[in-house]
Amino acid sequence: MNGQSEGKNIYKLVEDLYPICRSITGNGVRESLQIIKSHLPNLKLHEVPTGKKCFDWTIPDEWNVNDAYVKNEAGEKIIDFKINNLHLVNYSIPINEIFSLEELDNHLHSLPNQPDLIPYITSYYEPRWGFCIPHNLRKKLPTGNYTVHIDTSLKPGSLTYADLFIQGKSEQEILISTYICHPSLANNELSGPALATFLAKWVQEKSDKSFSYRFIFVPETIGAVAYLSKNIDHMKKNTIAGYVLTCVGDNRSYSFMPSRAGNTLADKVALHVLNYKTTLFKSYSYLERGSDERQYCAPGVDLPVCSVMRTKYGEFPEYHTSNDNLDLISSDGFQGSYDLHVSILSILERNKKYITTNIGEPQLGRRNLRSNLGGGKLSANFRLISNFIAYADGNLDLIDIANILNICALDLLPVVDTLLKHDLIRALD
């Protein structure tokens, strides 16, 4: 693993991306991906034209925003997109009119149970306009007329996504997917792309990769659908494990969202690492899904994709509000998520079935793997070596044996390397 500085670097990338207003299409996505590309020069950007049919979905018109505000009768801006881009309902149509308070209120969104926060609201597939404000402000708006100005464009264009393919020894691939479409939401949105960026760096720096890797940065739902519609045959053939990265920046406990099947290699490795590398995590049912695992695990797609998060989306009070800001995430939170995912990828790289090369128990003493002095207490290292050999029957993989021995698979790797060095086991393809 890299040093303990990666958490700080990931946080810094979130800081750089945070001010940008993103949506499922538009210049905010392109700007964000260009910043990520400055870290990953081989990242490729792709454009999918609006109106294109992708399975049961159609790419909507491209949306861009220049400005949006509401002024009172005194000419004061009481709601201002430039102060917080969550104020504008994402994908609002352009408008420049005067409304009474009663008319304006029909287009306002607030949270009575969180009266000081701005909610995050979208309307991608139905034309409308609106503003999001703290409920306390909404209650205080006086009767009168209000000028509504929304300078946006909705017109033919394209949806932008990016991918990075890193070749390994095998054509089999590990998929890392994250979404890049929400505006200024630090944990729910930006933590995933930022972590994915630095995991991609880790993979690129790894000289001996057993598998190939596919990192994709897509607008949630529609972007994943568009990506699958173009690449589904290849992905179904080659993907052995995949993970959706989201909500990985806070410093609370961990969460696990399984694949639809629940028993894939991706699930198996993630649960193993969570069991041995964390003190507390919560497992959810696939019935509680909510991110792009919906697309990758959908019938007919059936990819082995799950998700390891900090606090699950929808389960933390700041979710989809203005409190999902830079104060919610931390370098320590990112470091923990980074280390956890590096552990997952490291185990995937070495998770093979092993079989002994001898009939019966080998003589470990003549190889200096145990003491030749009989009668004494056997060392813990000898027991670990002996126990690994006992289960290396070609039917169990590294994780299976680690689970039987009640040890993290990462901690078994020195034993595996020792036994391979002495030609006492061999890996099965």
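Glancing now at the sheet that holds strand 17 (residues 353-356). Judged by pairing direction, the sheet is antiparallel, and its three strands sit side by side in the order 18-17-19 without closing on themselves. In this open sheet, the two edge strands, each paired with only one partner strand, are strand 18 (393-397) and strand 19 (425-428). Neighbouring strand axes in the sheet, compared pairwise and without regard to direction, differ in orientation by 30° on average. Where strand 17 meets strand 19, four bridges bridge the pair, whose relative direction is antiparallel. Paired with Tyr354 across the two strands is Ala427, which belongs to strand 19. In this fold helix 11 (residues 398-405) packs onto strand 17 and strand 18, with an angle of close to 80° to the strand it touches most, strand 18. Against the sheet, helix 12 (residues 409-421) contacts strand 17 and strand 19, and its axis sits at roughly 110° relative to strand 19.

Our next topic: helix 7 (residues 265-277). Along its 13 residues, helix 7 runs 18 Å from first to last C-alpha, staying within 8% of the 18 Å computed at 1.5 Å per residue. Every buried residue of helix 7 is listed here: Ala266, Asp267, Val269, Ala270, His272, Val273 and Leu274.

As paired strands, strand 4 (residues 62-71) and strand 9 (residues 145-155) are joined by nine bridges and run antiparallel to one another. Note on strand 9: the bridge partner recorded for Tyr69 is His149. With six bridges connecting them, strand 6 (residues 95-100) and strand 9 associate as antiparallel partners. Among the inter-strand pairings, Ile95 is bridged to a residue of strand 9, identified as Ile150.

With respect to topology, eight strands assemble into an open sheet ordered 1-10-12-11-13-16-14-15, the strand pairing being mixed. Of all strands in the sheet, those bounded by a partner on one side alone are strand 1 (44-49) and strand 15 (281-283). Put simply, the sheet's adjacent strands are angled 20° from each other on average, direction ignored. One ladder, built from three bridges, connects strand 14 (residues 254-257) with strand 15; its direction is parallel. The residue of strand 15 that forms the bridge with Phe256 is Ser283. Running at roughly 155° to strand 12 (residues 212-218), helix 5 (residues 186-205) makes contact with strand 10 (158-166), strand 11 (173-179), strand 12 and strand 13 (239-245) of the sheet.

On to the packing of aromatic side chains. Two aromatic rings, taken as a pair, are described by how far apart their centres are and by the angle between their planes. Evaluation of the coordinates by the stated rule reveals nine aromatic pairs. Taking the centre distance of 5.2 Å and the plane angle of 40° together, the rings of Phe99 and Trp129 count as tilted. With Phe99 in strand 6 and Trp129 in the loop between strand 7 (108-109) and strand 8 (131-132), this pair connects stretches of sequence that are 30 residues apart. Like Trp129, Phe99 is buried.

Rules of the game
Residues numbered from 1 in each chain as written. Predicted model: local features only at pLDDT ≥ 70, side-chain atom pairs only at ≥ 80, totals over all residues. Heavy atoms only, no water. Pairing = 2+ DSSP bridges. Helix = DSSP H or I, 4+ residues; strand = E, 2+ residues; numbered from the N terminus. Axes fitted to C-alpha atoms, helices over the stretch in contact; angles between N-to-C directions. Contact = heavy atoms within 4.5 Å. Expected span 1.5 Å × (residues − 1). Buried < 20%, exposed > 50% of the residue type's maximum accessible area, 1.4 Å probe, protein only. Phe/Tyr/Trp six-rings, centres within 6.5 Å; stacked < 30°, edge-to-face > 60°.

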